Amino acid sequence: QVQLVESGGGLVQAGGSLRLSCAASGRTFSSYAMGWFRQAPGKEREFVAAISWSGGSTYYADSVKGRFTISRDNAKNTVYLQMNSLKPEDTAVYYCAADQAPVVAGMYDYWGQGTQVTVSS
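Worth saying up front: this structure is predicted, and the values here are computed from it rather than measured. (Residues numbered from 1 in each chain as written. Predicted model: local features only at pLDDT ≥ 70, side-chain atom pairs only at ≥ 80, totals over all residues. Heavy atoms only, no water.)

Relative to the elements of secondary structure, Thr115 occurs in strand 11 (residues 115–120). Of the polar contacts made by the side chain of Thr115, one reaches the backbone nitrogen of Gly9; its length is 3.2 Å. Each residue touching Thr115, except ones within four places of it in the same chain, is listed here: Glu6, Ser7, Gly8, Gly9, Leu20, Ala92, Val93 and Tyr94. (Helix = DSSP H or I, 4+ residues; strand = E, 2+ residues; numbered from the N terminus. Polar contact = N/O pair within 3.5 Å; in protein donor to acceptor, adjacent residues only side chain to side chain. Contact = heavy atoms within 4.5 Å.)

To continue, consider the sheet that holds strand 3 (residues 18–26). Across the sheet, which stays open at both edges, the four strands sit in the order 1-3-8-7 with antiparallel pairing between neighbours. For this open sheet the edge positions go to strand 1 (2–7) and strand 7 (68–73), each flanked by a neighbour on one side alone. Neighbour-to-neighbour, the strand axes of the sheet open up by a mean angle of 15°, direction not taken into account. Across six bridges, the pairing between strand 1 and strand 3 is antiparallel. Each bridged residue has a counterpart across the sheet, and for Val2 the counterpart in strand 3 is Gly26. (Pairing = 2+ DSSP bridges. Axes fitted to C-alpha atoms, helices over the stretch in contact; angles between N-to-C directions.)

Applying the stated criterion across every chain, the model contains four salt bridges. Measuring nitrogen to oxygen at the nearest pair gives 2.6 Å for the salt bridge that ties Arg38 to Glu46. Residue classification places Glu46 among the partly exposed residues on the basis of a relative accessible area of 35%. With a closest N to O distance of 3.1 Å, Lys65 and Asp62 form a salt bridge. Looking at Asp62, the relative accessible area reads 66%, which means it is exposed. The network of salt bridges with common partners includes Arg38, Glu46, Arg67 and Asp90. (Salt bridge = Lys/Arg side-chain N within 4 Å of Asp/Glu carboxyl O. Buried < 20%, exposed > 50% of the residue type's maximum accessible area, 1.4 Å probe, protein only.)

Following this line, the structure appears as structure tokens:
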């Protein structure tokens, strides 16, 4: 079992920055990869970024590449999503998820409750 709790969302103006955090508990944090997803109103949930157990491998959606950075601190059981140069189209509920493997496998079996990010123009 893994419990995930996101925080750090909020309202920000276009061009601004936010850092999301996802605190994990339960299964050994360093044993699995992590991902961030988002879902905008009326749209399907989409992949944003992922990171392997060690942080050595990261992956990004084209829409956020160069603006968002995923990182993790295994000592703190936390994964982060630094979001810079935010755009109104980044507005969504952001979710973190735990993968079933140490490498990014795309098999996410635990999800957080989400945190709202709103970017005003």
